[in-house]
Amino acid sequence: MTSTSWRLKGEAKRESVLNAIPEKWRLKDPVPPAIELRDVTGNYIRQYLTEREITITETDAVDIVAQTSTGRWSALEVTEAFCHRAALAHQLVNCLHEVFFEAAIKDAKEQDEYFAKHKTPVGPLHGLPVSLKDQFHVRGVETTMGYVGWINTFEGQQNDPRSGTEESELVRELRNLGAVLYCKTSVPMTLMSGETINNIIGYTWNPKNRLLSCGGSSGGEGALIALRGSPVGFGTDIGGSVRIPAGFNFLYGIRPSAGRMPYQGAATSLDGQGTILSVIGPIAPTARSLTLLFKAVLGQEPWLYDPLALELPWRDDVVRETRALIEKARDGVSTLAFGIMKYDGMALVHPPIARGLRIVEKTLQRLGHRVVEWKPPSHGTSFELFAKVCNMDGGADLKYHLGLSGEPRAPQVLGAETSVQMTASEIAALNVAKREYQKQYMDYWSSTVEVTGTGRPVDAFFCPLAPHAAVLPNEFKSVGYTTFVNVLDYTSLAIPVTFADKKIDVRSAVESLNGSDHIQWDYDAEAYDGAPVGVQLVGRRLQEEKMLTLAEYLGEEIAQDAEERV
């Protein structure tokens, strides 16, 4: 295609999304520019909603289901409220790729009819609106994954058996559970970026500070949920793509170990690459919402439908054991220990992130938990491994999909278009190196039993999600704080902590670390003012139940301390 052709095709698709929004929900007046109005959350978006819509959309997933599954709220009114708020969110920050509100309203009506007839909900997620990253195939809805060349085709990927009626396995399970699907959210082309930008929808902005990015690659999910246009949504994560948008938007998000959530039938980049698997995880304003969705999906026994899903049902015994440890701590006998890693040896963090970690550390100490410095094997090694995986095909996947339309790659997108493909022997050597690194990290973790005082190694550790809070466009320079988790295949959650404050978060140009001067990434206190600050809670492999339980407990305590220190 010519430059004009791909531009016109992208513009036409962008307009079609806006046109799919009902006229009654379209903004009549232009939104003030970001330099005049940074924050469009809270009262700004509420001005376009009724009191009833505000009540519904600012209720978390757990309480929504409590209302819809008992008939106190209809699935229809809940779905319409979230469709309206999602439509507003898109007009404020460009966060949607696909809108299928009419189909959602039809599904919601059918659920209400079912409830009226049977006096019982369809499933544990009855009437709960759930948004989806634009990798999941929904019947009758397009998937572009940010590529202009995928528009108007179900043949975006080679050997991809997509059709107009086939749906991703997760989508099928969500429908069985009673969820209402109504929109798909924006992603960066290739999915390999900490920012969300493509030649269809443009740039997706951070709702709390529209000078900044919403993160990536599940950036549209993060932005939509931050504006409460969705109570919970699903993203994917191969290098931080669930956790970064969650952290950048003051949300919770979980990156489970590979095999816990069904990936069957979802679009992806570098399909067939098995050294580091992309995984699916939910994002939500509360940790308990993540637990609700995670537990519900496992209840569908995805291992019977996805050949890579592990036969590992939800483990209530792990939850009980973790809660028992928490109760002991509340009784003044702490048996929990946590590591803190403030610096990965590659990228010094901005002042808001450093302050966020201090808040976490003080919370852990206040609760009586043992806190130890986390000094693991080199994270530089894990980043080198990750980078090799991203480029093992020599950029063939990237080149092919951009070549479908002739569109250019956005500067924020990772990956080389002209590197050399790895041989089978080189890939085998890479897999061996990864396994050896995993073993080194495992041994280090086990060795912390010597310093915790609990008779066990640390239960989890905290570290940054990125060197910065929600970042200025084209300034996401280091993914090392999240990619190590993917190399290790650990369980990890993003936990919201506080917001950047230009009056508090100031610094000198140079800081001293380990006797040497290290220049930090550029930091503009004025530009970053108001940016959400999140941290990462990391657990060992396949510890989702334990980490979700800890996140529910610690998230509330951290929020309390952060508020007191404002």
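In short, a report on the structure. Bear in mind the structure is a predicted one, so any value in this text is a computation, not a measurement. (Residues numbered from 1 in each chain as written. Predicted model: local features only at pLDDT ≥ 70, side-chain atom pairs only at ≥ 80, totals over all residues. Heavy atoms only, no water.)

Within the chain, the regular secondary structure consists of 19 helices and 15 strands. Rg of the C-alpha trace for the chain: 22 Å, near the compact-globule value of 24 Å for 566 residues, within the 12% margin. Counting only C-alpha atoms and orienting by the principal axes, one finds that the chain spans roughly 60 × 55 × 50 Å. Classification of the 566 residues of the chain by burial places 60% in the buried group. For the chain, the share of sequence-separated contacts (at least 6 apart) that also reach a separation of at least 24 residues comes to 80%. Total accessible area on the chain stands at roughly 21700 Å², and carbon and sulfur atoms take up 50% of it. When the 57 basic and 70 acidic side-chain charges of the chain are each reduced to a single mean position, those positions are 2 Å apart. (Helix = DSSP H or I, 4+ residues; strand = E, 2+ residues; numbered from the N terminus. Rg over C-alpha atoms; globule rule 2.2 N^0.38 Å. Buried < 20%, exposed > 50% of the residue type's maximum accessible area, 1.4 Å probe, protein only. Contact = heavy atoms within 4.5 Å. Areas by Shrake-Rupley, 256 points an atom, 1.4 Å probe, with all protein chains shown as cover. Lys, Arg positive; Asp, Glu negative; His and termini not counted. Charge placed at Lys NZ, Arg CZ, Asp CG, Glu CD.)

Glancing now at the nonpolar core. F101, L128, V130, L174, Y182, F234 and F462 are the most contacted members of the largest nonpolar core, which totals 96 residues. Listed in part, the 44 residues of the second largest apolar core include Y441, F461, A469 and A531. (Core = buried A, V, L, I, M, F, W, Y, C linked by side-chain atoms within 4.5 Å.)

Moving on, we get to the pairing of strand β15 (residues 532-539). Burial analysis of β15 places eight of its eight residues in the buried class, which makes it a mostly covered element. A two-sided burial pattern is seen for β15, the buried positions comprising P532, G534, Q536 and V538 on one face and V533, V535, L537 and G539 on the other. Sheet topology places strand β11 (residues 460-464) next to β15; four bridges connect them, and they run antiparallel. The residue of β15 that forms the bridge with P464 is V535. Sheet topology note: the strand β12 (residues 491-499)/β15 ladder contains eight bridges and is antiparallel. Counterpart to S492 in the pairing with β15 is V538. (Pairing = 2+ DSSP bridges.)

A separate point is the environment of L132. Here L132 lies in strand β2 (residues 129-133). Since its relative accessible area comes to 0%, L132 is described here as buried. Considering only alpha carbons, one finds L132 and R288, 156 residues apart in sequence, at a separation of 19 Å. Ignoring anything within four residues of it in the chain, the contact list for L132 reads V138, V171, L174, L181, C183, K184, T185, E221 and F234.

The buried fraction of β11 is high, at five of five residues. In this structure, strand β9 (residues 337-340) lies alongside β11, joined through three bridges in parallel fashion. Each bridged residue has a counterpart across the sheet, and for G339 the counterpart in β11 is F461.

As a further point, take the packing of aromatic side chains. Two measures describe an aromatic ring pair: the distance that separates the ring centres and the angle between the ring planes. Evaluated as defined, the whole model comprises 20 aromatic pairs. Put simply, the rings of W374, Y437, Y441, Y444, W445, F461, F484 and Y490 touch in pairs and so form one group of aromatic residues. Over the ring of Y305 we find R172; its NZ or CZ atom is 4.1 Å from the centre of that ring. Positioned over the ring face of F499 is K208, at 5.2 Å from the centre of the ring. (Phe/Tyr/Trp six-rings, centres within 6.5 Å; stacked < 30°, edge-to-face > 60°. Lys NZ or Arg CZ within 6 Å of the ring centre and 35° of its normal.)

On to helix α17 (residues 480-488). With nine of its nine residues buried, α17 lies for the most part within the structure. Listed as buried for α17 are G480, Y481, T482, T483, F484, V485, N486, V487 and L488.

Attention now goes to the sheet that holds β12. Read from one edge of the open sheet, 11 strands run β1-β3-β2-β6-β8-β7-β12-β15-β11-β9-β10, paired in mixed fashion. Of all the strands in the sheet, just β1 (96-99) and β10 (370-373) have a single pairing partner and so form its edges. Pairs of neighbouring strands in the sheet enclose a mean axial angle of 30°, with direction left out of account. α17 rests against β6 (233-237), β7 (252-255), β11, β12 and β15 of the sheet, and its axis sits at about 25° to β15. (Axes fitted to C-alpha atoms, helices over the stretch in contact; angles between N-to-C directions.)

Our focus in this paragraph is the environment of D39. Assignment of secondary structure puts D39 in the loop between α1 (3-19) and α2 (43-46). The class for D39 is partly exposed, based on a relative accessible area of 27%. The spatial distance from the C-alpha of D39 to the C-alpha of R210 is 6.6 Å, given a sequence separation of 171 residues. The contacts of D39, once residues within four sequence positions are left out, are Y44, P207 and K208. Within the local environment of D39, its side chain forms a polar contact with the side chain of T41, the two groups lying 2.5 Å apart. (Polar contact = N/O pair within 3.5 Å; in protein donor to acceptor, adjacent residues only side chain to side chain.)

According to the stated counting rule, one finds 33 salt bridges in the structure shown. Of the charged contacts, one joins K13 and E98 as a salt bridge, the two residues approaching to 2.8 Å between their closest N and O atoms. One end of the pair, K13, is in helix α1; the other, E98, is in strand β1, and 85 residues separate them in sequence. Classification of E98 as buried rests on a relative accessible area of 8%. (Salt bridge = Lys/Arg side-chain N within 4 Å of Asp/Glu carboxyl O.)

Here we take up the side chain of T454. By secondary structure assignment, the location of T454 is in the loop between α16 (449-452) and β11. Within the structure, T454 has its side chain in polar contact with the side chain of T452 (distance 3.2 Å). Here R456 takes part through its backbone oxygen, which lies 3.1 Å from a polar atom of the side chain of T454. Setting aside residues no more than four positions away along its own chain, T454 makes contact with T335, L336 and A337.

Packing of helix α13 (residues 379-390) against α17 leaves a shortest axis separation of 9 Å and a crossing angle of 75°. In terms of orientation, α13 and α17 fall into the roughly perpendicular class. Of the residues in α17, those touching α13 at H379, S382, F383, L385 and F386 are G480, T483, F484 and V487. Looking at the contact of α13 with α17, its residues break down into five nonpolar, four polar and no charged. (Parallel < 35°, antiparallel > 145°, perpendicular 65-115°, else oblique. Nonpolar A, V, L, I, M, F, W, Y, C, P; charged D, E, K, R; others polar.)

Keep in mind these numbers describe shape, not what the thing actually does.
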